Amino acid sequence: MDRGAFVAHAGGTYEVNFEKVKSAVRDLEHDLLTLEATGDYAGAKKMLDELGVLRPEMAAALARLKDIPTDIEPNFVTADKLSPR
């Protein structure tokens, strides 16, 4: 969203900007792999602090989906161990 690849609309819907998504993912991948390759803990923490948050517009969009029935309840064991709720 920070690079315009995904756009939030006032009505709570999202739009993919296909002209920007490829470069946005490529740039994010570059940043992540650089942090990993250099072992930059401070840079990784900064990125996580800035990007690893659930923003209000996304929280509202997810809240609107809570009543949609699902056949399968996902269980993310590893993610839950790394980041317990």
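The sections below set out a description of the structure shown in this document. (Residues numbered from 1 in each chain as written. Predicted model: local features only at pLDDT ≥ 70, side-chain atom pairs only at ≥ 80, totals over all residues. Heavy atoms only, no water.)

### Focus: the overall build of the chain
As a reminder of what qualifies: Comment: elements are numbered from the N terminus, with helices defined as DSSP H or I runs of at least four residues and strands as E runs of at least two. The quantity called the radius of gyration is restricted to C-alpha atoms. Its globule counterpart is 2.2 Å times the number of residues to the power 0.38.
The secondary structure content of the chain amounts to four helices and two strands. Mapped in sequence order, the helices and strands of the chain form the string β-β-α-α-α-α. Taking 2.2 N^0.38 as the reference for a compact globule, 85 residues should give roughly 12 Å; the C-alpha atoms of the chain span a radius of gyration of 16 Å, well beyond that estimate. Principal-axis analysis of the C-alpha atoms gives the chain an extent of 45 × 35 × 20 Å.

### Here's the deal with helix α1 (residues 18-38)
What counts is decided by this rule: A helix's residues, less one, multiplied by 1.5 Å, set its expected span. Think of it in three bands: with a 1.4 Å probe and only protein chains considered, a residue is buried below 20% of the maximum accessible area for its type, exposed above 50%, and partly exposed in between. In this description, one arc is meant: the one made by directions from the helix axis to the C-beta atoms. Whether two residues touch is decided by their heavy atoms; if any such pair falls within 4.5 Å, the residues are in contact.
Helix length check: α1, at 21 residues, gives a terminal C-alpha distance of 31 Å against a target of 30 Å (1.5 Å per residue), a fit within 8%. Along α1, the residues classified as buried are Val21, Ala24 and Leu35. Here the buried residues of α1 occupy an arc of 75° about the axis, which is enough to place them on one side. The exposed residues of α1 that point more than 90 degrees off its buried face are Glu19, Lys22, Arg26, His30, Ala37 and Thr38. As for α1, its buried residues are in contact with β1 (6-8), β2 (14-16) and α2 (41-51).

### A short note on a nonpolar patch on the surface
Just so we agree on the cut-off: Patch definition: residues above 30% relative accessible area lacking any salt bridge, with like charges linked at up to 9 Å and the nonpolar side chains Val, Leu, Ile, Met, Phe, Trp and Tyr linked at up to 5 Å. Each accessible area is a Shrake-Rupley estimate made with a 1.4 Å probe; only the visible protein chains count as cover when residues are assessed. Whenever Lys or Arg places a side-chain nitrogen within 4 Å of a carboxyl oxygen from Asp or Glu, that contact is recorded as a salt bridge.
Together, Met1, Phe6, Val16 and Phe18 line one region of the surface with nonpolar side chains, adding up to about 390 Å² of accessible area. With relative accessibility at 32%, the residue Val16 sits in the partly exposed group.

### With respect to the pattern of salt bridges
Inspection of every chain in the model, using the stated rule, returns seven salt bridges. A salt bridge links Arg26 to Asp27; the shortest N-O distance between them is 3.9 Å. Here Asp67 makes a salt bridge to Lys66, at a shortest N to O gap of 3.9 Å. Among the charged side chains, a network of salt bridges with common partners joins Arg3, Arg26, Asp27 and Asp31.

Everything listed is a geometric property; what it means functionally is a separate question.
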